[in-house]
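What the coordinates show
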Amino acid sequence: MEGGKLIIFSAPSGSGKTTIVRHLLEQPELNLAFSVSATSRPRRGKEKNGEHYYFMTVSEFKKHIKNDDFLEWEEVYRDNFYGTLKTEVERLWAEGKNVIFDIDVVGGLRIKKKYPEETLAVFVKPPSVDELKIRLKKRSTESDNKINMRIAKASVELATAPQFDKIIKNYDLDTALEEAHQLVADFVGVTKRSKKGE
Ligand code: 5GP
């Protein structure tokens, strides 16, 4: 596989990485396209198949694992598999795009290892684990049990931050968005427009 750049945003669930990734996708000069992951977790709220995820059953997912269709995959939570299909990255590179990922820390680091030169791996740090809990509860799309599972995982994920190329502290969202935009612009080799000009 060869093509454009790979931009990875990894973070504990609730850190704000999805908001950052969406913001970056709106910047035309970055020429980004979102890598839609495959998952076996149930659909949440207004999520659409093929847009947020390729939703599939556990057995469909396992079939793809067997066929070696994934660039990386992970059982992020029990029976909730997530993975990046090779065909997804190939498709976006063929369109001349830089590919941006919203994936978990293990998957992110795996892609970085496979494509060290082409990849910018960014870790988004929440202010604290307590703040993370508040954000996940506010989102209220999941049961307390699921939220607790995500919190438990967050502490482990936070320990991996030093392995990433860059760390963004998401204490203030506007600052984090600005910082993320600058980092990606530098990496893909374009000039970020000044704030006044926006
Ligand atoms: P959520 O269920 O909140 O959409 O995602 C749960 C976690 O799985 C998040 O940390 C998300 O970034 C991660 N994730 C989403 N897609 C992938 C993927 O393709 N591979 C890996 N390894 N993790 C993913």
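In short, a report on the structure. Source: prediction; values computed, not measured.

**Considerations on the packing of helix H1 (residues 17-25) against helix H7 (residues 173-188)**
Direction vectors running N to C along H1 and H7 enclose 55°, while the axes themselves pass 10 Å from each other. In terms of axis orientation, H1 runs oblique to H7. As for the relative orientation of H1 and H7, their crossing is right-handed in sense. Side by side, H1 and H7 meet where Thr19, Ile20, His23 and Leu24 of the first sit next to Leu173, Ala176, Leu177, Ala180, His181 and Val184 of the second. For the contact of H1 with H7, the residue count by class is seven nonpolar, three polar and no charged.

**A closer look at the packing of helix H5 (residues 129-139) against helix H6 (residues 144-158)**
In contact at an axis separation of 10 Å, H5 and H6 are set at 145° when each is read in the N-to-C sense. Both H5 and H6 take part in a crossing whose hand is right-handed. Taken together, the residues of H6 that come into contact with H5 (itself represented by Val129, Leu132, Lys133, Leu136, Lys137 and Arg139) are Asp144, Ile147, Arg150, Ile151, Ala154, Ser155 and Leu158. Residue composition of the contact of H5 with H6, by class: seven nonpolar, one polar and five charged.

**Looking at the environment of lysine 113**
Within the fold, lysine 113 resides in helix H4 (residues 105-114). A sequence separation of 69 residues divides lysine 113 from glutamine 182, and the C-alpha atoms of the two residues are 23 Å apart.

**Concerning the sheet that holds strand E4 (residues 53-55)**
One open sheet holds the four strands; their spatial order is E4-E3-E6-E5, and the pairing between them is mixed. Looking at the sheet topology across the chains shown, the edges are occupied by E4 and strand E5 (70-77). Within the sheet, the average angular offset between the axes of one strand and its neighbour, ignoring direction, is 25°. Two elements, E5 and strand E6 (residues 80-85), share six bridges in a ladder whose sense is antiparallel. Paired with glutamate 74 across the two strands is tyrosine 82, which belongs to E6. Helix H3 (residues 86-94) rests against E4, E5 and E6 of the sheet, and its axis sits at about 35° to E6. In this fold H4 packs onto E5 and E6, with an angle of close to 160° to the strand it touches most, E5.

**Thoughts on the pairing of strand E1 (residues 6-10)**
Of all five residues in E1, five are buried, a share of seventy percent or more. A two-sided burial pattern is seen for E1, the buried positions comprising Leu6, Ile8 and Ser10 on one face and Ile7 and Phe9 on the other. Relative to strand E7 (residues 98-102), E1 runs parallel, the two being bridged by four bridges. Bridging from a neighbouring strand, phenylalanine 9 pairs with aspartate 102 of E7.

What counts and how
Residues numbered from 1 in each chain as written. Predicted model: local features only at pLDDT ≥ 70, side-chain atom pairs only at ≥ 80, totals over all residues. Heavy atoms only, no water. Axes fitted to C-alpha atoms, helices over the stretch in contact; angles between N-to-C directions. Helix = DSSP H or I, 4+ residues; strand = E, 2+ residues; numbered from the N terminus. Parallel < 35°, antiparallel > 145°, perpendicular 65-115°, else oblique. Left-handed = near helix turned anticlockwise from the far one by under 90°. Contact = heavy atoms within 4.5 Å. Nonpolar A, V, L, I, M, F, W, Y, C, P; charged D, E, K, R; others polar. Pairing = 2+ DSSP bridges. Buried < 20%, exposed > 50% of the residue type's maximum accessible area, 1.4 Å probe, protein only.

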